[in-house]
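Examination of the molecular architecture
What follows is each chain in one-letter form.
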Amino acid sequence: MSQSFPRLSARTRRFTLGVPRGFTISPDGGKVLFLRTRSGTDPVTCLWELDTETHVERLVVDPRTLDADDRDLPPEERARRERSREQAGGVVAYSTDVTVTRAAFALSGGLHVTELPDGSTRRLETAGAVIDPRISPDGRRVAYVTGGALHVLDLASGEDRTLAAPESPEVTYGLAEFIAAEEMDRMRGHWWSPSSDALLVERADDTPVQTWHIADPANPGRPPVAQRYPAAGTPNAVTELFVLGLDGSRVAVPYEQEYLAAASWDAHALSIVTLSRDQKTMRLLTVDPATGRSELVREDTDPAWVDIVGGVPAHLDDGSLVWVATDGGGHRLFVGDRAVTPPTLQVRAVLDVDHDSVLFSASGDPTEIQLWTWDGHSLLPVSTRSGVFSGRMAGGVGVLSEQSLDVEGVSTTVVRRDGMAIPIPSYAERPGLDLRVSLGRSGRRDLSTAVVLPSWHEPGSRPLPVLMDPYGGPHAQRVLNRRGGYLESQWFAEQGFAVIVADGRGTPGRGPDFERAVLGDLATPALEDQVDALHGVAEQYPDDLDLTKVAIRGWSFGGFLAALAVLRRPEVFHAAVAGAPVTDWRLYDTCYTERYLGHPDEQPDVYDNSSLFGDAAKLDRPLLLIHGLADDNVVAAHTLRLSSALLAAGRQHSVLPLSGVTHMTPQEVVAENLMLLQVEFLKRSLHVLG
């Protein structure tokens, strides 16, 4: 390999460039659209098409031929990409008409439409920089947002109409507000009617939301960026819904609860999903688009919280509702009023509904994510090998993406109605690492654990310093049967560490009770389980782990957990690297934080117990804090305030500020050197030679 793993990992965006993604299958199953860069180091995403009859793959849109430059992105689009963790450029999202003959996408703020049969692409004149263009089902118009206003452009005449204009700079029409995009995975704020004559549109008013300022201290001549940030216990944006007709009509769609979690508009119903501020009650409502009146279809409640699940609501051809809810101790798929999956199979998302069949992802073993279908009569496994799968389904044709410890990278296959499989190549770079990962269970709670040893280590030859490498927080999982999840861990192992990755309570895949064990306490269960996993692995590898030299590293929630570990359990953890850590949950956003800790005014002790500030005086282990100063998710104030508390307590620590860096740290040189600096810090702190 001609370049180091850290440099290659940074250049390839952690080996995601060149991997096919963003699939759309035509209703007849004849073609599959997808996104992919032209190589594993090329950050410019192109639009491609596969003909399922001829097996011929065609490049449809190459942004380089359209004279586009991602440096011209409007701020709203940069924010949208940050929320979706998009690391590439070019055509990163697109929409199609119902027949998949036209596609619309934004490129450098410009609106482009491609005629898919011949691949011709044209840029259309718009009122301003384009955000989230959505082509109508009939393919005749494109709705888009610019300057907070929702526009509709007629593709035949070029007429550009403003359907809704913001009443103030704090108002937007047609965009998902910060909380929806960051914490509810709802990235859109407008939905076409099936008949293409109206849209359901979100109006978001940020006026009640407090203003924070994200400054760039390295460039004092630049003014701080004002950002509306709804921290725990403070007001959220006020969201409303309207049905806007192309005839100029405007119908309000009132709803009572705080959050709009999801919306869909298909041939059977206009549906919205709302969630109470405390997230203990979720309502599914159908809306009459002519009057705006809604009817309650179902209400789900939970004493802890109700989960938002992707892909629902949906409907079969006969109108039967497809839904996912917690029932009988499991996350279960419902069709109509009937649960069609057992509680032991944890449903993660509904991926597609194709006539009378439902494609969904689920876990029996928490380290696996398998694909299943419900065909109206029975459950059928789609994926048959061990691993992590995702997919799409339409027109009787399926797309399966597979990852596992046995296969490098992501393998994508199109499966035709006759069963013939057509591979879609990945152009991703090879990491060049010899993975040595063992999955298992450890500790008193049989926690899912991955043990990553150096490729050169002889079992029992000598004990290695230990590096715990968790995320460890709710609704995210590290221990999965896929190679890509352990590349950085393996690189750290190659530097001389035994690396342990453990999923503790709060992480998904093991059912509601396991996830809800963190209710009211984001610190104690998470930290206890890392200690439990460490000791459990030490029993399994008694001659390979040196428990006198144990470090921990993490980012975001993992950064919080790393700092927590050296503050509260210094007898176990001897050094920590905390990247972008949450240090006081009062500084984090409403939806995520209040789901687990409630409202800070009502439960201040809960917040105090999960904060790091009260433990500052306890620090007597090396701690490196890393934070991007442009981070608008976990703002740099988290690290700066903890550093101030440590300084006030006279506790030595290190802070590495990253100028101009966001929560994702996408910059190539930054990402590479961060890995190298962490290794140097950990070895020095643990007194490891070499």
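Let me sum up the structure you'll find in this document. (Residues numbered from 1 in each chain as written. Predicted model: local features only at pLDDT ≥ 70, side-chain atom pairs only at ≥ 80, totals over all residues. Heavy atoms only, no water.)

**Points about the nonpolar core**
Counting 91 residues, the largest nonpolar core has Trp323, Leu333, Phe573, Trp585 and Leu623 as the members making the most contacts within it. The element that contributes the greatest number of residues to this core is helix α7 (residues 557-568), accounting for nine residues. Among the nonpolar cores identified, the runner-up in size contains 33 residues, and Leu405, Leu433, Leu487 and Phe497 belong to it. (Core = buried A, V, L, I, M, F, W, Y, C linked by side-chain atoms within 4.5 Å. Buried < 20%, exposed > 50% of the residue type's maximum accessible area, 1.4 Å probe, protein only. Helix = DSSP H or I, 4+ residues; strand = E, 2+ residues; numbered from the N terminus.)

**Here we look at the environment of tyrosine 259**
Take tyrosine 259: it is sitting in strand β21 (residues 259-265). Using a relative accessible area of 2% as the deciding quantity, one classes tyrosine 259 as buried. Once the C-alpha coordinates of tyrosine 259 and serine 276 are considered, the two residues, 17 residues apart in sequence, prove to be 6.3 Å apart. Apart from the residues within four sequence positions on either side, tyrosine 259 is in contact with Ile179, Met184, Asn236, Val273, Thr274, Leu275, Ser276, Arg277, Gln279, Thr590, Cys591 and Glu594. At 3.1 Å, the side chain of tyrosine 259 and the side chain of asparagine 236 are in polar contact. (Contact = heavy atoms within 4.5 Å. Polar contact = N/O pair within 3.5 Å; in protein donor to acceptor, adjacent residues only side chain to side chain.)

**A short note on the pairing of strand β36 (residues 421-424)**
Working note: regular strand, side chains alternate between the two faces of the sheet. Going residue by residue along β36, you find Ile422 and Ile424 tucked away on one face and Ala421 and Pro423 left uncovered on the opposite face. Between the end of strand β35 (residues 411-415) and the start of β36, which pair antiparallel, lie five residues, with glycine 419 showing a positive phi angle near 90°. (Pairing = 2+ DSSP bridges.)

**Considering empty space enclosed by the protein**
According to the stated counting rule, one finds two cavities of 30 Å³ or more in the structure shown. Empty space within the largest cavity amounts to approximately 60 Å³. For the largest cavity, the full set of lining residues is Ala261, Ala262, Val273, Met282, Asp307, Ile308, Val309, Val312, Trp323 and Val324. When contributions to the lining of the largest cavity are tallied by element, the ones reaching two or more residues are β21 and β26 (321-327). (1 Å grid on protein atoms, 1.4 Å probe; cavity = no way out; pocket = protein on both sides within 12 Å on 5 of 7 lines; lining within 4 Å. Points joined across faces, edges and corners; volume = space filled by probe spheres on them.)

**Overview of α7**
An ideal rise of 1.5 Å per residue puts 16 Å on 12 residues; α7 measures up with 16 Å between its terminal C-alpha atoms. All buried positions along α7 are accounted for by Phe557, Gly558, Gly559, Phe560, Leu561, Ala562, Ala563, Leu564, Ala565, Val566 and Leu567. Elements that come into contact with the buried residues of α7 comprise α6 (524-540), β41 (545-555), β42 (575-579), α8 (590-597) and β43 (623-628). (Expected span 1.5 Å × (residues − 1).)

**What to know about the pattern of salt bridges**
All told, the structure shown has 40 salt bridges when counted by the stated rule. Put simply, glutamate 672 and arginine 7 hold a salt bridge, and the shortest N to O gap is 2.5 Å. Of this pair, glutamate 672 sits in helix α11 (residues 668-686) while arginine 7 is found in helix α1 (residues 5-11), placing the two residues 665 residues apart along the sequence. Note on glutamate 672: relative accessible area 10%, which makes it buried. For aspartate 307, the salt bridge goes to arginine 516, with nearest N and O atoms at 2.9 Å. Of this pair, aspartate 307 sits in the loop between β24 (294-301) and β25 (314-315) while arginine 516 sits in the loop between α5 (512-515) and α6, and the two are 209 residues apart along the sequence. (Salt bridge = Lys/Arg side-chain N within 4 Å of Asp/Glu carboxyl O.)

**What to know about helix α4 (residues 487-494)**
Judged by how many residues are buried, α4 sits mostly within the fold: seven of eight residues are covered. Where α4 is concerned, the buried positions are Leu487, Glu488, Ser489, Gln490, Trp491, Phe492 and Ala493. Residue glycine 496 follows α4 closely and has a positive phi angle near 115°.

**Digging into the packing of α6 against α7**
For the pair α6 and α7, interaxial distance at closest approach is 10 Å and the crossing angle is 75°. Taken together, the axis directions place α6 and α7 in an arrangement best described as roughly perpendicular. Within the contact between the two elements, α6 uses Thr524, Ala526, Leu527 and Gln530 and α7 uses Phe557, Leu561, Leu564, Ala565 and Arg568. Here the residues of the contact of α6 with α7 are counted per class, giving six nonpolar, two polar and one charged. (Axes fitted to C-alpha atoms, helices over the stretch in contact; angles between N-to-C directions. Parallel < 35°, antiparallel > 145°, perpendicular 65-115°, else oblique. Nonpolar A, V, L, I, M, F, W, Y, C, P; charged D, E, K, R; others polar.)

**A few points about the pairing of strand β1 (residues 21-25)**
Summarising the sheet, β1 and strand β2 (residues 31-37) pair through three bridges and their orientation is antiparallel. Within β2, the position partnered with isoleucine 25 by the bridge is valine 32. Here β1 hands over to β2 after five residues, with glycine 29 in that stretch at a positive phi of 75°.

**Describing the packing of aromatic side chains**
Applying the stated criterion across every chain, the model contains 17 aromatic pairs. Their ring planes at 65° and their centres at 5.3 Å tell us that phenylalanine 557 and phenylalanine 560 sit as a pair that is edge-to-face. One end of the pair is phenylalanine 557 and the other is phenylalanine 560, both in helix α7 and three residues apart, which spans about a single turn. Between tryptophan 585 and tyrosine 588, the ring centres sit 5.9 Å apart and the planes meet at 85°, which makes this aromatic pair edge-to-face. Taking the relative accessible area as the measure of exposure, tryptophan 585 reaches 1% and is therefore buried. The positively charged end of arginine 510 is found above the aromatic ring belonging to phenylalanine 514, 4.3 Å away from the centroid. (Phe/Tyr/Trp six-rings, centres within 6.5 Å; stacked < 30°, edge-to-face > 60°. Lys NZ or Arg CZ within 6 Å of the ring centre and 35° of its normal.)

**Notes on the environment of arginine 553**
Within the element layout of this structure, arginine 553 appears in strand β41. Note on arginine 553: relative accessible area 10%, which makes it buried. Other than its neighbours up to four places away in sequence, arginine 553 contacts Leu467, Met468, Asp469, Pro470, Glu488, Phe492, Ala562, Val577 and Gln678. Within the local environment of arginine 553, its side chain forms a polar contact with the side chain of glutamine 678, the two groups lying 2.9 Å apart.

**Remarks on the sheet that holds strand β38 (residues 447-452)**
By definition, the strands of a sheet pair up through backbone hydrogen bonds, in either a parallel or an antiparallel sense. Strand order in the open sheet formed by eight strands is β37-β38-β40-β39-β41-β42-β43-β44, and the pairing between neighbours is mixed. The strands lining the two open edges of the sheet, one partner per strand, are β37 (437-442) and β44 (654-658). Looking at each pair of strands side by side, their axes are set apart by 20° on average, direction ignored. For strand β39 (residues 464-468) and β41, the ladder comprises five bridges, and the chain directions are parallel. Among the inter-strand pairings, leucine 467 is bridged to a residue of β41, identified as alanine 551. Running at roughly 150° to strand β40 (residues 498-503), α4 makes contact with β37, β38, β39, β40 and β41 of the sheet. Here α7 sits on the sheet and contacts β41, β42 and β43; the angle it forms with β41, its principal contact strand, is near 145°.

**Notes on the packing of α4 against α11**
α11 packs onto α4 with a crossing angle of 45° between their chain directions and a minimal axis gap of 11 Å. Classed by the angle they form, the pair α4 and α11 counts as oblique. α11 is crossed by α4, and the crossing has right-handed handedness. The residues of α11 that touch α4, namely those facing Glu488, Trp491 and Phe492, are Met675, Leu676, Gln678, Val679 and Leu682. (Left-handed = near helix turned anticlockwise from the far one by under 90°.)

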